[in-house]
Amino acid sequence: MQISKNSVVSINYTLTNNEGEVLDTSEGHGPLFYLHGNGNLIPGLEKELEGKVVGNSFKVSVPPEEAYGLHDEEQVQIVPRAAFRGVKQVEPGMQFQVETEEGGQQVITVTDVDGDDITVDSNHPLAGQTLNFDVTIMEIREASAEELHHGHVHGPGGHHH
């Protein structure tokens, strides 16, 4: 069976940046399962997986435009310390989930603290980076009707959210 839209696929992978630093890996955690063609992976990796079969291994470099996008300076803002009510110590590297004007959720990262001025960045932490994947296809199967309806893979024995 080849990977195609609505296939459930499991992969082992290691993700590195251009400096060779490991950013993420399935090693020690078991394979990653995803529903192909449903936006569950970054577009550049999903495109490379299309048509592959169990046992295929490959390496691919995904540019920012096909991963988490370019770094957008408009998503970097200075907010007052008062915006962090209930947080005693605000430090660079801390992440917070905030509600957007549209009512959705977004993760922001504190990048600088200067007195009462806190610089936050709502870009994805990997925005602007080329991502290098080393991938092996472990399993491919047809998705269940429930998985197709929900748009993602369900764990063994049923629905897991």
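Residues numbered from 1 in each chain as written. Predicted model: local features only at pLDDT ≥ 70, side-chain atom pairs only at ≥ 80, totals over all residues. Heavy atoms only, no water.

### Some remarks on the overall build of the protein
For step 1, the next point in the chain: Within the protein one finds two helices and nine strands.
For step 2, the next point in the chain: For the protein, the succession of helices and strands along the chain, N to C, is β-β-β-α-β-β-β-β-β-β-α.
For step 3, the next point in the chain: With the C-alpha coordinates aligned to their principal axes, the bounding extent of the protein is approximately 60 × 35 × 30 Å.
For step 4, the next point in the chain: For the protein, the proportion of its 161 residues judged to be buried stands at 33%. (Helix = DSSP H or I, 4+ residues; strand = E, 2+ residues; numbered from the N terminus. Buried < 20%, exposed > 50% of the residue type's maximum accessible area, 1.4 Å probe, protein only.)

### What to know about the pattern of salt bridges
For step 1, the next point in the chain: Under the defined criterion, the tally for this structure stands at three salt bridges.
For step 2, the next point in the chain: A salt bridge links lysine 47 to glutamate 66; the shortest N-O distance between them is 3.3 Å. Placement of the pair is lysine 47 in helix H1 (residues 43-49) and glutamate 66 in the loop between strand E4 (57-62) and strand E5 (76-80), with a sequence separation of 19 residues.
For step 3, the next point in the chain: The class for glutamate 66 is partly exposed, based on a relative accessible area of 29%.
For step 4, the next point in the chain: Arginine 141 is the partner of glutamate 147 in a salt bridge, and the nearest nitrogen-oxygen pair spans 2.9 Å.
For step 5, the next point in the chain: The partly exposed category is assigned to arginine 141, whose relative accessible area is 28%. (Salt bridge = Lys/Arg side-chain N within 4 Å of Asp/Glu carboxyl O.)

### Section: the environment of alanine 127
For step 1, the next point in the chain: Note on placement: alanine 127 falls in the loop between strand E8 (117-121) and strand E9 (131-142).
For step 2, the next point in the chain: In this structure alanine 127 comes out as buried when scored by relative accessible area, which is 9%.
For step 3, the next point in the chain: Along the chain, alanine 127 and glutamate 65 lie 62 residues apart, while their C-alpha atoms are 8.8 Å from each other.
For step 4, the next point in the chain: Excluding residues within four positions of it along the chain, alanine 127 makes contact with Tyr68, Gly69, Leu70 and His71. (Contact = heavy atoms within 4.5 Å.)

### A word on the nonpolar core
For step 1, the next point in the chain: Leu45, Leu49, Phe133, Val135 and Ile137 are the most contacted members of the largest nonpolar core, which totals 20 residues.
For step 2, the next point in the chain: Broken down by secondary-structure element, the contributors of at least two residues to this core are strand E1 (7-16), H1, E4 and E9.
For step 3, the next point in the chain: The greatest single-element share of this core, amounting to five residues, is contributed by E9.
For step 4, the next point in the chain: Residue contacts for phenylalanine 133: discarding those within four places in its chain leaves Thr14, Leu15, Ile42, Leu45, Phe58, Lys59, Val60 and Val62.
For step 5, the next point in the chain: In this structure, Val79, Phe84, Val110 and Ile118 belong to the second largest nonpolar core, which totals eight residues. (Core = buried A, V, L, I, M, F, W, Y, C linked by side-chain atoms within 4.5 Å.)

### Focus on unusual backbone geometry
The general pattern is negative phi for most residues beyond glycine and trans for most peptide bonds.
For step 1, the next point in the chain: Non-glycine residue asparagine 6 carries a positive phi angle of around 75°.
For step 2, the next point in the chain: Structurally, asparagine 6 can be placed in the segment before E1.

### Some points on the sheet that holds E5
For step 1, the next point in the chain: As summarised here, the arrangement of the four strands in space is E5-E8-E7-E6, forming an open sheet in which the pairing is antiparallel. Each edge of the open sheet carries a strand with a single partner, namely E5 and strand E6 (95-99). The mean inter-strand angle of the sheet, taken between neighbouring strand axes irrespective of direction, is 40°.
For step 2, the next point in the chain: Of the pairings in the sheet, the one linking strand E7 (residues 105-114) to E8 comprises five bridges and is antiparallel in character. By the bridge assignment, threonine 109 is partnered in E8 with aspartate 121. (Pairing = 2+ DSSP bridges. Axes fitted to C-alpha atoms, helices over the stretch in contact; angles between N-to-C directions.)

### Quick notes on the packing of aromatic side chains
For step 1, the next point in the chain: Considering all chains together, one arrives at one aromatic pair under this definition.
For step 2, the next point in the chain: Between the aromatic rings of phenylalanine 84 and phenylalanine 96, the centroid separation amounts to 5.1 Å while the plane-to-plane angle is 65°, which identifies the pairing as edge-to-face. Taken together, the residues phenylalanine 84 in the loop between E5 and E6 and phenylalanine 96 in strand E6 connect sequence positions twelve residues apart. Summarising the burial analysis for this pair, phenylalanine 84 and phenylalanine 96 share the class buried.
For step 3, the next point in the chain: One cation-aromatic arrangement involves lysine 52 over phenylalanine 58; the distance from NZ or CZ to the ring centre is 4.7 Å. (Phe/Tyr/Trp six-rings, centres within 6.5 Å; stacked < 30°, edge-to-face > 60°. Lys NZ or Arg CZ within 6 Å of the ring centre and 35° of its normal.)

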